[in-house]
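Structural features, examined
The residues making up each chain are set out below.
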Amino acid sequence: MKITQNKSAMQSQKMLVDALLRLMSEKKYNQISISELADEAGLSRRTFYRLFSSIDEILLFHIHSLWELKASELYSSPDSSYMDISSFSLNFWYEHKDLTILLYQNDLSYIILKFINEISIEIYRHQKPNEQFEKNPETMEYALSYSSGGIHNIICTWASHGMDKTPAQLMQMFQHIL
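The sections below set out a description of the structure shown in this document. Fair warning: this is a prediction, and the values are worked out from it, not measured in the lab. (Residues numbered from 1 in each chain as written. Predicted model: local features only at pLDDT ≥ 70, side-chain atom pairs only at ≥ 80, totals over all residues. Heavy atoms only, no water.)

Things to note about helix H5 (residues 82–95)
Relative to the 20 Å expected for 14 residues at 1.5 Å per residue, H5 spans 20 Å between its end C-alpha atoms, a close match to the ideal helical length. Along H5, the positions that sit buried rather than exposed are Ile85, Ser86, Phe88, Ser89, Leu90, Phe92 and Trp93. (Helix = DSSP H or I, 4+ residues; strand = E, 2+ residues; numbered from the N terminus. Expected span 1.5 Å × (residues − 1). Buried < 20%, exposed > 50% of the residue type's maximum accessible area, 1.4 Å probe, protein only.)

Quick look at the structure:
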């Protein structure tokens, strides 16, 4: 994904996101071609490849865009506990319930995991700015992988049940377990 400040490119990115979500509401993800997606967006394949390298990348771009709109709430509280961060994450996915379920139903939970892995270091570094991630990077890599995998599996289980519980209900369940 190409990061851009070009208004035309940003508009094309949005058009591709919107077109992909429309197509995914009509058919399975693995049946959507880049040509079909570009046509649906009213753009050329060339424009698609100038902005993204794959259709997966569009979904990651979209999730990151949604996260950026919300992340300042999390980052404004530097003393958040693990449970606070977990609750924030669950609320984020619940606010985008339709997208979460759509990803799950299309066997795209790996995109959720990739996103969680990408932001976990960012969250850790923001919440623990005085801690040195580099002191023991291998330990941190495993610890964040463990945590990311747990949140990912919870989100997938939740999506498999239609996200029928609220984030508060899930957090209450966790408090009894943890």
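Let us keep going from here.
Considerations on the pattern of salt bridges
All told, the structure shown has six salt bridges when counted by the stated rule. One salt bridge connects Arg22 with Glu40, and the closest N-O pair in it is separated by 2.9 Å. Of this pair, Arg22 sits in helix H1 (residues 7–26) while Glu40 is found in helix H2 (residues 34–41), placing the two residues 18 residues apart along the sequence. A relative accessible area of 36% means that Arg22 is categorised as partly exposed. The exposure class of Glu40 is partly exposed, given its relative accessible area of 32%. Residues Glu36 and Lys27 are paired through a salt bridge, measuring 2.7 Å at the closest nitrogen-oxygen approach. Residue Glu36 is classed as partly exposed on the basis of its relative accessible area, which comes to 26%. Exposure remark for Lys27: the relative accessible area of 26% places this residue in the partly exposed category. Among the ionic contacts, a cluster of salt bridges with common partners joins Lys70, Glu73 and Glu95. (Salt bridge = Lys/Arg side-chain N within 4 Å of Asp/Glu carboxyl O.)

Some details on the nonpolar core
Formed by 51 residues in total, the largest nonpolar core has its most connected members in Leu16, Leu20, Leu37, Trp67, Trp93 and Phe115. Other than its neighbours up to four places away in sequence, Leu16 contacts Leu37, Ala38, Ala41, Leu43, Phe48, Leu51, Phe52 and Ile58. (Core = buried A, V, L, I, M, F, W, Y, C linked by side-chain atoms within 4.5 Å. Contact = heavy atoms within 4.5 Å.)

So, helix H4 (residues 55–75)
With 21 residues, H4 should reach 30 Å at 1.5 Å per residue; the first-to-last C-alpha distance of 30 Å fits that figure. Bending of H4 peaks at approximately 45 degrees at the position of Leu69. With respect to burial, H4 is a largely interior element, 15 of its 21 residues being buried. Near the N-terminus of H4, the side chain that reaches the backbone nitrogen of Asp56, with its oxygen 3.5 Å away, is that of Ser54. (Bend = angle between axes of the 7 residues up to and from the residue. Polar contact = N/O pair within 3.5 Å; in protein donor to acceptor, adjacent residues only side chain to side chain.)

Concerning the packing of H1 against H2
How two helices pack is summed up by the angle between their axes together with the distance between the axes. Their axes nearest at 8 Å, the elements H1 and H2 cross at an angle of 115 degrees. The orientation of H1 with respect to H2, classified from their angle, is roughly perpendicular. H2 is crossed by H1, and the crossing has right-handed handedness. Contacts from Met15, Leu16, Ala19, Leu20, Arg22 and Leu23 of H1 reach H2 at Glu36, Leu37, Ala38, Glu40 and Ala41. A per-class count over the contact of H1 with H2 returns eight nonpolar, no polar and three charged. (Axes fitted to C-alpha atoms, helices over the stretch in contact; angles between N-to-C directions. Parallel < 35°, antiparallel > 145°, perpendicular 65-115°, else oblique. Left-handed = near helix turned anticlockwise from the far one by under 90°. Nonpolar A, V, L, I, M, F, W, Y, C, P; charged D, E, K, R; others polar.)

Digging into the packing of aromatic side chains
The description of an aromatic ring pair uses the distance of the two centres, along with the angle that the planes make with each other. Counted under the stated rule, the structure contains 10 aromatic pairs. On the basis of an interplanar angle of 20 degrees and a centroid distance of 6.1 Å, the ring pair of Phe92 and Phe115 is categorised as stacked. Pair noted here: Phe92 is in helix H5 and Phe115 is in helix H7 (residues 109–127), with a separation of 23 residues, a long-range link. Overall, Phe92 belongs to the buried group, its relative accessible area being 1%. Both rings, one in Tyr94 and one in Trp158, keep their centres 5.6 Å apart while their planes meet at 5 degrees; by these two values the pair is stacked. Here Tyr94, found in helix H5, pairs with Trp158, found in helix H8 (residues 137–160); they are 64 residues apart in sequence, far enough to count as distant. (Phe/Tyr/Trp six-rings, centres within 6.5 Å; stacked < 30°, edge-to-face > 60°.)

Let's talk about the side chain of Ser148
Among the secondary structure elements, Ser148 is positioned in helix H8. Of the residues examined, Ser148 reaches a relative accessible area of 3% and is grouped as buried. Sequence-distant contacts of Ser148, defined by excluding residues within four places in its chain, comprise Leu113, Ile116, Asn117 and Ser120.

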